[in-house]
Each structure stands twice: as C-alpha cells, then as structure tokens.
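A closer look at the structure
What follows is each chain in one-letter form.
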Amino acid sequence: MDMDQLKRQAAARALEEVRDGMQLGLGTGSTAKHFVELLGERVRAGLKVIGVPTSEATRADAVRCGVPLTTLDEIDHLDITVDGADEVDHELNLIKGGGGALLREKIVAAASDRMIVIADDSKWVATLGRFPLPVEVIPFGLGATRRAIEKAFAQSGVSGQMALRKAKDGHVFVTDGGHWILDAHLGRIEDPARLAVALSAIPGVVEHGLFIGLAGSAVLAGGEGIRVIERRKPKGD
Ligand SMILES: O=C(CO)[C@H](O)[C@H](O)COP(=O)(O)O
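In this text, all values refer to a predicted model and were calculated from it rather than measured experimentally. (Residues numbered from 1 in each chain as written. Predicted model: local features only at pLDDT ≥ 70, side-chain atom pairs only at ≥ 80, totals over all residues. Heavy atoms only, no water.)

**Some details on the site of the ligand**
Keep this limit in mind: Whether a residue is near a molecule or strand depends on its heavy atoms: if one lies within 4 Å, it is near. Each polar contact in these results corresponds to two N or O atoms within 3.5 Å; when the atoms are within protein, one needs to be able to donate a hydrogen and the other to accept it, and residues that are neighboring in sequence are counted only if both atoms are side-chain atoms. Accessible areas in this description were obtained via Shrake-Rupley with a 1.4 Å probe; residue shielding takes into account the shown protein chains only. Here a cavity denotes grid points, spaced 1 Å and computed from the protein atoms alone, that fit a 1.4 Å probe unable to get out, and a pocket denotes an open set having protein on both sides within 12 Å along at least 5 of 7 lines; residues with an atom within 4 Å of a point are the lining. For a molecule to be placed in a cavity or pocket, more than half of its atoms must lie within 2 Å of the grid points of that cavity or pocket. The classification used treats Ala, Val, Leu, Ile, Met, Phe, Trp, Tyr, Cys and Pro as nonpolar, Asp, Glu, Lys and Arg as charged, and all other residues, Gly among them, as polar.
Around the ligand there are 17 residues in total, and Ser30, Thr31, Asp86, Gly97 and Lys123 lie nearest to it. Contact distances for the ligand include 3.0 Å between an oxygen atom and a backbone N or O atom of Ala101. Lys123 has a polar side-chain atom sitting 2.7 Å from an oxygen atom of the ligand. Protein chains shield 91% of the accessible area of the ligand, which is 380 Å² for the free molecule. Counting atoms within 2 Å of the grid points, the majority share of the ligand lands in the largest pocket. Residues belonging to the shell around the ligand are distributed by class as follows: two nonpolar, nine polar and six charged.

Structure (structure tokens):
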C-alpha cells in the first residue's frame with residue numbers, strides 16, 4: 001500500500017468519530033485533504049456538520065467537496081479537529097507547519113474539545129526534531145527576531161541552522177496571515193515544552209510548530225494496519 005492510501009485510511013478511521021451535528025476543525029495538508037474529501041462524501045449523503053478550515057487551501061477543498069463552513073466568530077467551540085502532522089512523539093506532542101498553516105491550525109486545535117491527528121506511521125518518532133521546526137515570524141525586524149530565536153534555542157538546549165522558507169517560485173513563502181516562516185533544523189528537541197515556552201515569549205514570533213498537549217489522539221496508518229493512540233494526560237497538560 002502506498003503512502004497516500006495509508007493517509008486516506010487514517011482519515012477514514014478519524015471520520016468514524018464524527019457524529020451528526022458536530023462542529024469540526026478541518027486541518028491542512030495532504031492527509032487532512034483526504035479527511036475533507038471523505039467528509040464531503042458523507043455530507044452529500046446527508047450528514048449534518050459544519051467546519052472551520054485551517055487554511056485558504058482547505059477552505060477551497062471544503063467548498064469543492066460541499067462541506068458547509070463557518071468561523072470561530074460565529075460559533076463558540078469545536079467538537080473535534082482532525083489534522084495531519086509532520087512528527088508525532090509518544091506523548092502526542094507534535095511538529096506541525098510543514099504546509100505553512102501552523103498559526104490557524106493551532107488556533108483551531110486550541111478551540112476544539114478534541115484534536116485527532118491523522119498520519120501515516122512514518123510520522124511517529126521517539127524524539128521530535130528531525131523534521132525542521134517552523135517558526136512563523138513578522139517580516140519587520142527579522143534580524144532581531146532571528147537573534148532572539150537563536151538565544152532561545154541555546155537556553156532550551158538545542159542548536160541548528162534556520163532557513164527562511166521559500167515558495168516553489170523562489171520567492172519568500174508568505175503564510176495565509178501575511179507572515180514569513182523560518183525552518184529550524186534542530187535534529188533533536190529533548191524538551192519540546194520548554195522550547196515552546198521560550199519561542200512563544202519572543203516579540204516577532206507569531207507562532208511556532210510545536211503543538212504541546214493539544215492532540216487527544218493519533219490515528220497512525222501503516223503496513224500492519226491502523227493504530228489509535230490516546231493521550232493519557234488531559235488536554236493542555
Ligand atoms: O502542519 C501541516 C500543515 O501546516 C500538515 O498537517 C503537516 O505538514 C502534514 O502534512 P501532510 O499530511 O501533507 O504530510
């Protein structure tokens with residue numbers, strides 16, 4: 001089975017958790033796209049749900065698939081968010097933002113009663129950090145922000161190079177919020193919670209791709225089948 005089929009399987013398993021009347025956060029990326037497509041099939045068959053997309057790309061997919069949409073201004077909470085991840089560790093801490101949607105993804109996940117991560121099992125890691133950590137920054141004052149991030153890395157026991165993300169056309173990648181992304185090649189992040197706190201305190205950092213204590217479960221599809229891993233601690237811990 002190829003990677004794309006595994007992603008679709010994980011999406012299909014998460015869809016089993018969706019009930020009539022639910023308000024859903026819709027993630028971004030190739031795995032989340034499978035979820036939106038499968039959800040669209042159910043909606044066309046009569047399921048009543050409403051979704052909040054985490055990116056303009058997902059908004060377009062949801063519209064194409066017939067999934068009704070709303071915003072976090074119109075509703076006060078989400079029942080479930082289903083989203084992909086770039087890495088998932090054994091405590092269900094995540095690196096996200098490979099697709100550049102980390103800011104809206106984190107806002108939506110935090111507004112949800114439950115976040116379900118869907119992924120092929122290559123994303124399951126013992127230690128976060130092999131995937132470059134995205135740090136979303138304001139373009140103004142980039143040099144100062146960059147130096148502050150380097151200091152935060154040193155204080156958090158990590159080191160590595162940062163690269164300003166470029167789009168396929170060679171221009172600087174601009175997020176849906178109009179910001180830039182520094183991808184930090186750290187290799188290993190031994191204490192992701194500590195690093196998350198340090199990065200969040202830096203003026204100029206809008207958000208970072210460490211999702212600590214947000215995911216409630218992970219659905220991982222691999223050659224041996226599907227594994228569902230539940231977080232032991234309550235949300236936010
Ligand atoms: O965080 C994300 C986008 O910002 C994605 O969820 C993450 O990059 C995983 O993507 P894919 O499912 O394509 O592997």
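**Let's talk about the packing of aromatic side chains**
We apply this condition: Ring geometry is summarised as follows: Phe, Tyr and Trp rings, the Trp one being its six-membered ring, pair when their centres sit within 6.5 Å, and such pairs are stacked at plane angles under 30 degrees, edge-to-face over 60 and tilted between the two. Two thresholds decide whether a charge sits over a ring: the Lys NZ or Arg CZ must be within 6 Å of the ring centre and within 35 degrees of the ring normal.
Overall, the coordinates contain zero aromatic pairs when judged by the stated rule. The residue whose ring lies beneath Lys96 is Phe211, and the NZ or CZ to ring-centre distance is 5.7 Å. Between the NZ or CZ atom of Arg165 and the centre of the ring of Phe173, over which it lies, the distance is 5.5 Å.

**What to know about the nonpolar core**
The following threshold applies: Residues belong to a common nonpolar core when they are buried Ala, Val, Leu, Ile, Met, Phe, Trp, Tyr or Cys residues joined through side-chain atoms within 4.5 Å. To sort residues, take the accessible area from a 1.4 Å probe on protein chains only and compare it with the maximum for the residue type: under 20% means buried, over 50% means exposed, and anything in between is partly exposed. Put simply, DSSP H or I for four residues or longer makes a helix, DSSP E for two residues or longer makes a strand, and each gets a number counted from the N terminus. Residues are treated as being in contact if the distance between any of their heavy atoms lies within 4.5 Å.
Within the largest apolar cluster, 25 residues are counted, with the highest numbers of intra-cluster contacts made by Val18, Leu24, Leu26, Phe35, Leu39, Val49 and Ile118. Those elements that place two or more of their residues in this core are helix H1 (3–15), strand E1 (23–26), helix H2 (30–44), helix H3 (56–65), strand E3 (78–83), strand E6 (112–120) and strand E12 (217–222). When residues no more than four places from it in sequence are discounted, the contact partners of Leu24 are Val18, Leu39, Val49, Ile50, Gly51, Val52, Leu78 and Ile80. The next biggest cluster of nonpolar side chains, apart from the first, holds 22 residues, and it includes Ala152, Ala184, Leu186 and Leu195.

**Considerations on the sheet that holds E12**
For clarity, the cut-off: The pairing criterion is simple: DSSP has to find at least two bridges between the two strands. Note on geometry: axes are C-alpha line fits, over the in-contact stretch for helices, and angles between N-to-C directions span 0 to 180 degrees.
Here we have six strands laid out as an open sheet, ordered E2-E1-E3-E6-E12-E13, and mixed in their pairing. Single-partner strands in this sheet number two, and they are strand E2 (50–53) and strand E13 (225–230). Strand-to-strand twist across the sheet, computed as the mean angle between neighbouring axes with direction ignored, equals 20 degrees. Sheet topology places E3 next to E6; five bridges connect them, and they run parallel. Looking at the pairing, Leu78 lines up with Ser112 of E6. Where H1 meets the sheet, it contacts E3, E6, E12 and E13, and its direction lies at approximately 155 degrees from that of E6.

**Details of the UniProt feature "active site" (unreviewed entry) in the protein**
Quick reminder of the rule: UniProt positions are given in the numbering used here, feature names are shortened, and annotations may be inferred rather than shown by experiment.
Per the UniProt record, "active site" (unreviewed entry) is annotated on Glu105. Looking at the element boundaries, Glu105 is found in helix H4 (residues 102–110). Excluding its chain neighbours within four sequence positions, the residues that come into contact with Glu105 are Thr28, Thr54, Asp83, Lys96, Gly97 and Phe211.

**What about the layout of surface pockets?**
Worth spelling out the cut-off: Grid points are joined across faces, edges and corners, and a volume is the space filled by probe spheres set on the points. The split into domains, and so the bounds of each, comes from an automatic or database assignment of domains.
The computed volume of the largest pocket comes to approximately 350 Å³. Elements with a minimum of two residues in the lining of the largest pocket: H2 and H3. Residues lining the lining of the largest pocket come from more than one domain, with at least three contributed by each of domain 1 (3–125 + 213–223) and domain 2 (133–207). Computed from the structure, the second largest pocket encloses a volume of approximately 170 Å³. Together, Val52, Pro53, Arg59, Thr70, Thr71, Leu72, Asp73, Arg104, Ile107 and Val108 line the second largest pocket. Where the lining of the second largest pocket is concerned, the elements lending two or more residues are E2 and H4. With three residues, H4 is the largest single contributor of residues to the lining of the second largest pocket.

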